[in-house]
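Commentary on secondary and tertiary structure
Chain residues, written in single-letter form:
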Amino acid sequence: MKNFVVKTIANAAALAVAVWLIDKITLSGDSTGKEIGTLILVALIFGVVNSLVKPLVQLLSLPLLILTLGLFTLVVNALMLLLTSWLADVVDLSFHVEGFWTAVLGGLVVSVVSWALNVVLPDGD
């Protein structure tokens, strides 16, 4: 349970950095508390997407991953961010990623920040 909470907080922080750095990734709310709540809910959706959908997409795109020496992972990460944006819209959360190239850049930012936070934060094992 502790590991789940740490990973969710790391995802929320990584998404917050992406929202802060990239103009076309937006998160809105009436107050700071609502924005933080929305960010945590979006991080939960992002975690579910990454744990359920991403392995299947990576398996199906394995030939492209091998052919591009792993660079296709950027496209997969962008697709996961776009799917998260779509699901957030379905459940009426104010998180939006505008366009594929914005998602590629956002996926890169989220990956780097998540990696850095997972190095620093304690592991739940």
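Attention here is on the structure that accompanies the text. (Residues numbered from 1 in each chain as written. Predicted model: local features only at pLDDT ≥ 70, side-chain atom pairs only at ≥ 80, totals over all residues. Heavy atoms only, no water.)

Looking at the secondary structure, you find T102 in helix α6 (residues 100-120). Judged by its relative accessible area of 11%, T102 falls in the buried class. Aside from chain neighbours lying at most four places away, what touches T102 is I22, K24, I25 and V97. (Helix = DSSP H or I, 4+ residues; strand = E, 2+ residues; numbered from the N terminus. Buried < 20%, exposed > 50% of the residue type's maximum accessible area, 1.4 Å probe, protein only. Contact = heavy atoms within 4.5 Å.)

The next point concerns a nonpolar patch on the surface. Together, L71, L74, L105, L108 and V112 make up a nonpolar patch on the protein surface, roughly 440 Å² of accessible area in all. With three residues, α6 is the single largest residue contributor to the nonpolar patch. Turning to its location among the elements, L74 is positioned in helix α5 (residues 72-90). (Patch = residues over 30% accessible without salt bridge, like charges linked within 9 Å, V, L, I, M, F, W, Y side chains within 5 Å. Areas by Shrake-Rupley, 256 points an atom, 1.4 Å probe, with all protein chains shown as cover. Salt bridge = Lys/Arg side-chain N within 4 Å of Asp/Glu carboxyl O.)

With that out of the way, let us pick up α5. Taking 1.5 Å as the rise per residue, α5 with 19 residues should run 27 Å; its terminal C-alpha atoms sit 27 Å apart, in good agreement. Following α5 by one or two positions, D92 has its phi on the positive side, about 65°. (Expected span 1.5 Å × (residues − 1).)

Any functional reading would require information that these geometric values do not contain.
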